[in-house]
Amino acid sequence: PDTFQSIVGQGAMASTLRTAVLSGKLSHAYLFCGPRGVGKTTAARVLAKTINCMNLSPEGEACNACESCRAFNEQRSFNIFELDAASNNSVEDIRQLTEQVLMPPALGRYKVYIIDEVHMLTSAAFNALLKTLEEPPSHVTFIMCTTDPQKILATILSRVQRFDFRSIAADEMAEHLVTVCKNEGFTYEDAAIDLIVRHARGGMRDALSSLEQLSVYGGGVISEQTVRDVLGQSSGSLINNAAMALAQRDISSLFTTVNTLFEGGKDLLQFTRELAVHVRDLYIAAAVGVDSPALANSTASTEQLTKEAQAFGSVDRLSRVLTVLGDAANQMRTAVNQRLVLEVAFTKL
């Protein structure tokens, strides 16, 4: 995305920033928070380009035609600097930055410093940055991006304007993926797009990366089977069978399922996450009803949800299944033997 309008799923943020640009009421420091892959750094770059644009549109978007916009798009702008705090987090790195701040911009009105993964800065580095945030030159704007705002010093948080980015909604992500497929000339199946969306879990960057990988693998054809082969998605019937086996405490069937997945080279962690999503749907069906709006994105039919939810017998049991599967998924992320973790979890249940 190169404009606020083209950033998917962050309408409130984009509208607020456009208004600030048009009115000239810009903050000297912004903090963009949110999950990974939802557009924080992208929005920071768009904002940096927009506030230096020499010919803003009436909507508050960059023109992409003036010298400042062209310099940014061609990656030759001397007004916009990016610092990766994950690898440049020392006090010396920040001191070099604060020394550069004093110099006015060569072109445009503002020098913009984008600090990615700002929570990785050391305490000494934060303190070195604090003085500049307290008394910044009028020509400087800081845009800090983070997935962990709770790790940032309170003295820093009190001096920035904070924007919380949300995970991308499934329908917005699917719509954007379809648009990309059409623009790129890919052939796609709706079921394949739905699987990519579920795999991305709210992160547009992950969804686009998966789409690119799948387009190469399938030669421009995005099919449901291709998604299952490449991303390790488990079929709906396998998930449903596993859920019913859990409900019936059929440990033999569960171990057979794990063995089938393992020998087929499937991603056991992805299977566990998909099973947890399905059990969550059963939990909602049992607690609220199958007509709940919270089940709008469920891939199972209402009849299937009703049947499986009743098989578990109680909401409390479904709650325990969700807890154990969630704990298992967390352990599997770093486990040497993911299969053993999943088998132990099934045995507990």
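Bear in mind the structure is a predicted one, so any value in this text is a computation, not a measurement.

Q: What should I look at first to understand the confidence of the model for the chain in this one?
A: Note: predicted coordinates in regions of low pLDDT should not be interpreted at a detailed level. Per-chain confidence: the chain averages 89 in pLDDT, with 97% of residues scoring 70 or above. Mean pLDDT across the elements of the chain ranges from a minimum in helix 10 (residues 224–231), with 83, to a maximum in helix 16 (residues 338–348), with 96.

Q: Can you help me understand the pairing of strand 2 (residues 80–84) in this one?
A: Within a regular strand, side chains alternate between the sheet's two faces. Note: strand 2 against strand 3 (residues 111–116), 5 bridges, orientation parallel. In the sheet register, Asp-84 faces strand 3, and the bridge partner there is Asp-116. Where the polypeptide runs from strand 2 across helix 4 (residues 91–101) and back to strand 3, its parallel neighbour, the crossover connection is right-handed.

Q: It is not clear to me how the nonpolar core should be interpreted in this structure. Could you clarify?
A: One recurring pattern in soluble globular proteins is that nonpolar side chains are buried together. In terms of nonpolar packing, the biggest core is built from 44 residues, with Phe-32, Leu-47 and Ile-196 touching the most fellow members. Look past the residues within four positions of Phe-32 in its chain and what remains in contact with it is Leu-17, Lys-40, Ala-43, Ala-44, Leu-47, Ile-143, Met-144, Cys-145, Thr-146, Phe-163 and Phe-165. Counting 35 residues, the second-largest nonpolar core is a separate cluster that includes Ala-276, Leu-318, Leu-325 and Ala-328.

Q: Explain the pairing of strand 3 here, please?
A: Burial of strand 3 is extensive: 5 of the 6 residues sit out of reach of the surface. Across 5 bridges, the pairing between strand 3 and strand 4 (residues 140–146) is parallel. By the bridge assignment for strand 4, Tyr-113 is matched with Phe-142. Handedness of the crossover joining strand 3 and strand 4 through helix 5 (residues 123–134): right-handed.

Q: I tried to follow the state of the cysteines on my own but got confused; where do I start?
A: Two cysteines, two sulfur atoms, one covalent bond between them: this is a disulfide. Following the criterion strictly, the structure yields 0 disulfides and no others. Just so you know, Cys-63 is unpaired, no disulfide at all, and the nearest cysteine sulfur is the one on Cys-53, 3.5 Å from it.

Reading the values: rules and limits
- Residues numbered from 1 in each chain as written.
- Predicted model: local features only at pLDDT ≥ 70, side-chain atom pairs only at ≥ 80, totals over all residues.
- Heavy atoms only, no water.
- pLDDT = per-residue confidence, 0-100.
- Helix = DSSP H or I, 4+ residues; strand = E, 2+ residues; numbered from the N terminus.
- Pairing = 2+ DSSP bridges.
- Right-handed = clockwise from strand over helix to strand, strands pointing away.
- Core = buried A, V, L, I, M, F, W, Y, C linked by side-chain atoms within 4.5 Å.
- Buried < 20%, exposed > 50% of the residue type's maximum accessible area, 1.4 Å probe, protein only.
- Contact = heavy atoms within 4.5 Å.
- Disulfide = S-S within 2.5 Å.

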